Amino acid sequence: MQDQNYSIRTMSRSEVDLAIEWAAREGWNPGLQDADCYYAADPNGFLVGVLDGTPIACISVIRYGDSFGFLGFYIVSPDYRDQGYGIQLWKAGMKYLQGRNIGLDGVVDQQDNYRRSGFRLAYRNIRYQGQGGGTASDGVDAAAVVNLARLPLADLVAYDQPFFPDDRACFISRWVQQPGCHALGILQGGALAGYGVIRPCRSGYKIGPLFADTPELAESLFVALKSRVGARETVFLDTPEPNRAAVALAERYGMTVAFETARMYTQDAPDLPLERVFGVTSFEVG
C-alpha cells in the first residue's frame, strides 16, 4: 500500500532511544546504554517510518566498513502491523545496505520471511540465562584477567578484527567504555588472548562479546565477568551453536536456554573463527 501521509527518514539520536524502548516492549531486553554505542556505529543506520507525524516503525541497518551491514530493530507498532508500512521500511533499509553482505539474527519463526528476502541460514545462536556472583579466583587462569582500560585501544581493535566481517573500531571502542559495564581482557605471554564485556540491561546483565583463544581462557573470562555482578542477578550469554565448547561452558555453570535466533546472511557466511566466539556481541548490531 502507499500512504501519502507515511514517510521514511533517518532517525535522530533521541529517536534511537524510542527504538530501544520498543525493543524492550517486545521483550528483547536491550542494554541500558546500548543506544549511544549503536548510534556511534553508524549515525545514519537507523530508519523510522512516520505516519501523520507519529513514528510507527523502525529498523537498524548499520554499515561497517565498505562491505558489510547488519540489520536489526525491525519493529512495527502493533496497531499498524500487516498494513504495508513495515515492508516499505524494510525495502528502504535494504536499499541503504545495497551491495553489501548483510547479516541479521532473526527469531526462528521468521526464517522463511527472511529467506524470501534473500537471506540464507548460517547457524543458530542460543541465549542462555543463569546467575551472577562467584569470585574471579574460581577461573582457570584468573591471574591473567585485567581491566581492558589498562591496555592500548589499538591492541583491543587488532584482537577484535578477525571476529567481525569488516571494520567496527568506532563501535567497539565505545562498547567497552559504556557506563555501568565491566570490560575485561585476558593475557597470555603478555599479549591479549581474549576479552569480554558484561553490561546492565533492562533485566539483569548480558555478557557480550566473549572472545578467547581457548575454552580455558574463555572460562576464566566468563567467571571473572559474572563475578562482577551480584549472585541474585540474572546473567545472559548468547552462544553460537557451532561452538560446542561455548555451549558446554554455559551448561557447566547451570545456565538454561532462554531462546534462540537464526544467524543469516545475504551472501556467503563470513569466514569467522566461531571456535573462539563464546559470546555474541549483540543480536541487534552483530
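Residues numbered from 1 in each chain as written. Predicted model: local features only at pLDDT ≥ 70, side-chain atom pairs only at ≥ 80, totals over all residues. Heavy atoms only, no water.

**A word on the overall build of the protein**
Moving on, step 1. When its secondary structure is counted, the protein shows 8 helices and 13 strands.
Moving on, step 2. Against the compact-globule benchmark of 19 Å for 286 residues, the protein has a radius of gyration of 19 Å, which places it among compact chains.
Moving on, step 3. If you line up the protein on its principal axes, its C-alpha atoms span 60 × 35 × 35 Å.
Moving on, step 4. Counting across all 286 residues of the protein, residues that qualify as buried make up 54%.
Moving on, step 5. Long-range contacts, defined here as pairs at least 24 residues apart, represent 75% of the contacts in the protein between residues at least 6 apart.
Moving on, step 6. By element, 47% of the accessible surface of the protein is carried by carbon and sulfur atoms, the whole surface being about 12200 Å².
Moving on, step 7. Positive and negative side-chain charges of the protein, numbering 26 and 33 respectively, have mean locations separated by a distance of 1 Å. (Helix = DSSP H or I, 4+ residues; strand = E, 2+ residues; numbered from the N terminus. Rg over C-alpha atoms; globule rule 2.2 N^0.38 Å. Buried < 20%, exposed > 50% of the residue type's maximum accessible area, 1.4 Å probe, protein only. Contact = heavy atoms within 4.5 Å. Areas by Shrake-Rupley, 256 points an atom, 1.4 Å probe, with all protein chains shown as cover. Lys, Arg positive; Asp, Glu negative; His and termini not counted. Charge placed at Lys NZ, Arg CZ, Asp CG, Glu CD.)

**Some words on the domain arrangement of the protein**
Moving on, step 1. The domains assigned to the protein are domain 1 (6–123) and domain 2 (127–279).
Moving on, step 2. On a C-alpha basis, the centroid separation for the pair domain 1 and domain 2 is 25 Å.
Moving on, step 3. Facing the 41 residues of domain 1 at the interface are 33 residues of domain 2.
Moving on, step 4. Note on domain 1 versus domain 2: buried area summed over both sides is about 3300 Å², and carbon and sulfur give 56% of it.
Moving on, step 5. Interface area lost by domain 1 to domain 2 is led by Asn29, Arg120 and Tyr123, which between them contribute 23%.
Moving on, step 6. Taken together, the connections running from domain 1 to domain 2 amount to 4 salt bridges.
Moving on, step 7. Here aspartate 105 ties to arginine 263 by a salt bridge, and the two come within 2.9 Å at their closest N and O atoms.
Moving on, step 8. Viewed at the interface, domain 2 and domain 1 are joined by 23 residue pairs in polar contact (both at pLDDT 80 or more).
Moving on, step 9. Mapped by element, the contributors of at least two residues to the side of domain 1 that touches domain 2 are helix 1 (13–25), helix 2 (34–41), strand 4 (68–76), strand 5 (101–107), helix 4 (111–116) and strand 6 (120–131).
Moving on, step 10. If you tally residues by element for the side of domain 1 that touches domain 2, the top one is strand 5, at 7 residues. (Domains from an automatic or database assignment. Buried area = accessible area lost by both parts, 1.4 Å probe. Salt bridge = Lys/Arg side-chain N within 4 Å of Asp/Glu carboxyl O. Polar contact = N/O pair within 3.5 Å; in protein donor to acceptor, adjacent residues only side chain to side chain.)

**Re the packing of aromatic side chains**
Moving on, step 1. For the coordinates displayed, the defined rule picks out 22 aromatic pairs.
Moving on, step 2. Measuring from centroid to centroid gives 5.5 Å for phenylalanine 68 and phenylalanine 164, while their planes differ by 90 degrees, and the two rings are edge-to-face. Pair noted here: phenylalanine 68 is in strand 4 and phenylalanine 164 is in the loop between helix 5 (153–160) and helix 6 (169–175), with a separation of 96 residues, a long-range link. Residue phenylalanine 68 shares its accessibility class with phenylalanine 164, and that shared class is buried. (Phe/Tyr/Trp six-rings, centres within 6.5 Å; stacked < 30°, edge-to-face > 60°.)

**Section: the pattern of salt bridges**
Moving on, step 1. Throughout the structure, instances matching the rule amount to 15 salt bridges.
Moving on, step 2. Among the ionic pairs, arginine 124 bridges to glutamate 241, the shortest N-O distance being 2.2 Å. Pair noted here: arginine 124 is in strand 6 and glutamate 241 is in the loop between strand 11 (234–240) and helix 8 (244–252), with a separation of 117 residues, a long-range link.
Moving on, step 3. A relative accessible area of 29% means that arginine 124 is categorised as partly exposed.
Moving on, step 4. For arginine 252, the salt bridge is made with glutamate 219, and the minimal N-O distance between the two is 3.2 Å. Separated by 33 residues along the polypeptide, arginine 252 in helix 8 and glutamate 219 in helix 7 (residues 215–226) bring together distant segments of the chain.
Moving on, step 5. Given a relative accessible area of 14%, glutamate 219 falls into the buried group.
Moving on, step 6. Connected through shared salt-bridge partners, Arg13, Asp17 and Asp36 make up one network.

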